[in-house]
Amino acid sequence: MSLTLIRNGTVVTAVEKMQADVLIDGGKVVALLGREHTVVAENEIDAEGKLVIPGGIDVHTHMELPFGGTFAADTFETGTRAAAFGGTTTIIDFAVQTKGQSAMDGWEAWMEKARGNCAIDYGFHMITGDINDQTLKEMEQLMREGVTSFKMFMAYPGVFYSDDGQIVRAMQKAAEDGATICMHAENGIAIDVFVQQALERGETDPLYHGIVRKSILEGEAAHRAIKLAEVTGAQLYIVHLSAKEALDEVIRARDEGLRVYAETCPQYLFLSLDDLGNGFEGAKYVCSPPLRDRAAGHQDRLWRGLRTNDLQVVSTDHCPFCMGDHPRFGTQKQLGQGDFSKIPNGMPGVENRMELIYSGGVAEGRIDANRFVEITATTPARMFGLYPRKGTIAVGADADIVILDTKATHVITAETHHMDVDYSAYEGWELSCMVETVLSKGKVIISDGTYHGNPGDGEYLPRGLSQYHN
Ligand code: URP
Ligand code: ZN
Ligand code: ZN
């Protein structure tokens, strides 16, 4: 591969901001040069006035997830290409073990879906939907394949749900092997009672999805997950944290020195229960945990948590379902007409995360540019065993690089986005930055609003153990 040089930009990592040129060879960063050098390269990219940042790492996506009788609309091909457009160069998706299935078979099925289709590099967590003796053995096997984190659900009884006994057994195994348990912390058994009662009262609109899934039940589940992690010694990472009650539990655990971490997602930082109103339009915003009441202060607490490192990561939980029929998967959100509990849970967002967090975070003065890089790329890499190959701009790292124009503005709309879904949760929002150029392993895959890569450029990333112990 020929030499590439990114000139004149401001390189931002989690800890530095430097006037430096980035020299790339063989897909890797080979030098960070002061401006006074004499190096020339076959491919030169001018980043004058722009930020040069590590490619984003989205550690929570669901391409083609089977859910509620349909499948998340993005395939690995469409979803990873959309991610690239938005400045994300690595995803960690969730392979699924369903009840009665072997976990290895589940992982292999997801490897097959992804193989040869991805625009960017990818890894997998494993959803362990059926903890039993065989699954516990398979966790070890999966770790040898680079799957070092396992997602469990305290929500969705009868689907992905695990009871406390299963959680304890998986946590014991994770503690033994050094794996991370990712937890969907909502008390699904209690929530289902409130769901039934609401439906019996004729409360069938999407809004009630947000009302019955009470924030206190996220707090309760987070507390229980933390105690189970404490008693077993497992590392715990709470996914898609939305509620201040859950954040309080994480803060308490971290103050006690436990290895407890958490992510939140743009939808919880920017959207609210209000978006679930407006009749069936609210179905666009049905995800779990649900969007929260802004007036109750959840959003402010999440932003503060990101500033203070009580929250370590922003991921998307990208899990799109169309409002109209999907050409391949048929009826999606409409499955829940007349019964909010049948609306497939999930929202699109893999393309929007980097620009949203820069705009709402850095441009609005809530976090600085270093922290932006840390929560969108560096900590995700460290948390899930990809650092320093991914998540930073340093000699020896993969040249996964984004040139971000922080003076350009643009408007989000489903008419121009690249996700295979017929709406945007942020339709009409003006962003105060724009991903201009994206390199994956040294190759320009996005420039001038055009994709230059090929499905299959993205490679499977076997991951190591978590490197994050802050
Ligand atoms: O609503 C959501 N979050 N859908 C995806 C599945 C999950 O729980 O992460
Ligand atoms: Zn979840
Ligand atoms: Zn998810």
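Residues numbered from 1 in each chain as written. Chains lettered and ligands numbered in written order. Predicted model: local features only at pLDDT ≥ 70, side-chain atom pairs only at ≥ 80, totals over all residues. Heavy atoms only, no water.

## Some remarks on the overall build of the protein
Within the protein, the secondary structure is distributed over twelve helices and 23 strands. Classification of the 470 residues of the protein by burial places 63% in the buried group. Restricting to contacts in the protein with at least 6 residues of sequence separation, those with at least 24 account for 77%. In the structure as shown, the protein presents an accessible area of about 16200 Å², 48% of it carried by carbon and sulfur atoms. In the protein, which carries 42 positive and 66 negative side-chain charges, the distance between the mean positions of the two groups comes to 4 Å. (Helix = DSSP H or I, 4+ residues; strand = E, 2+ residues; numbered from the N terminus. Buried < 20%, exposed > 50% of the residue type's maximum accessible area, 1.4 Å probe, protein only. Contact = heavy atoms within 4.5 Å. Areas by Shrake-Rupley, 256 points an atom, 1.4 Å probe, with all protein chains shown as cover. Lys, Arg positive; Asp, Glu negative; His and termini not counted. Charge placed at Lys NZ, Arg CZ, Asp CG, Glu CD.)

## Topic: the coordination of the zinc ion (ligand 2)
Donor atoms from the polypeptide that coordinate the zinc ion (ligand 2) comprise Lys-151 (NZ), His-184 (ND1) and His-240 (NE2), at 2.1 to 2.2 Å from the metal. Counting along the primary sequence, the residues that act as donors to the zinc ion (ligand 2) give the motif K-x32-H-x55-H. Here the zinc ion (ligand 3) and the zinc ion (ligand 2) are spaced 3.9 Å from one another. Here the residue Lys-151 occupies a position in strand 13 (residues 149-153), and His-240 occupies one in the loop between strand 15 (235-238) and helix 8 (244-255), the gap between them amounting to 89 residues. Accessibility classification places Lys-151 together with His-240 in one group, the buried group. (Donors = N, O, S within 2.8 Å, 3.2 Å for Na, K, Ca; no water.)

## Description of the site of ligand 1
The environment of ligand 1 is made up of 13 residues, and the closest members are Lys-151, His-184, Ser-288, Asp-317 and Asn-345. For ligand 1, an oxygen atom lies 3.1 Å from a polar atom in the side chain of His-62. A distance of 3.4 Å separates an oxygen atom of ligand 1 from a polar atom in the backbone of Gly-346. Protein chains shield 100% of the accessible area of ligand 1, which is 270 Å² for the free molecule. (Near = heavy atom within 4 Å. Polar contact = N/O pair within 3.5 Å; in protein donor to acceptor, adjacent residues only side chain to side chain.)

## A word on the coordination of the zinc ion (ligand 3)
Around the zinc ion (ligand 3), the protein supplies His-60 (NE2), His-62 (NE2) and Asp-317 (OD) as donor atoms, at distances of 1.9 to 2.1 Å. Note that the zinc ion (ligand 3) binds four donor atoms; their angles at the metal cover 87 to 137 degrees, and the shape is irregular. Coordination of the zinc ion (ligand 3) draws on donor residues from a single chain, spaced H-x1-H-x254-D in sequence. (Tetrahedral: all angles 85-135°; square planar, octahedral: opposite > 155°, others 65-115°.)

## Quick word on helix 1 (residues 76-85)
Of all ten residues in helix 1, eight are buried; the element is thus mostly enclosed. Looking only at helix 1, the buried set comprises Phe-76, Thr-78, Gly-79, Thr-80, Ala-82, Ala-83, Ala-84 and Phe-85. Buried-residue contacts for helix 1 involve strand 11 (88-97), helix 2 (103-114), strand 12 (121-128), strand 21 (434-440), strand 22 (443-447) and strand 23 (450-451). Of the residues one or two after helix 1, Gly-87 is the one with positive phi, at around 90 degrees.

## Description of the nonpolar core
Most often, soluble globular proteins keep nonpolar side chains buried together rather than apart. The biggest cluster of nonpolar side chains holds 126 residues, and the ones touching the most others in it are Trp-107, Phe-124, Met-183, Leu-236 and Phe-372. Ranked by the residues each element gives to this core, the list is headed by helix 7 (residues 215-232), at seven residues. Filtering out sequence-adjacent residues up to four positions away, Leu-236 remains in contact with Met-171, Ile-181, Met-183, Ala-225, Ile-226, Ala-229, Arg-259, Val-260 and Tyr-261. (Core = buried A, V, L, I, M, F, W, Y, C linked by side-chain atoms within 4.5 Å.)

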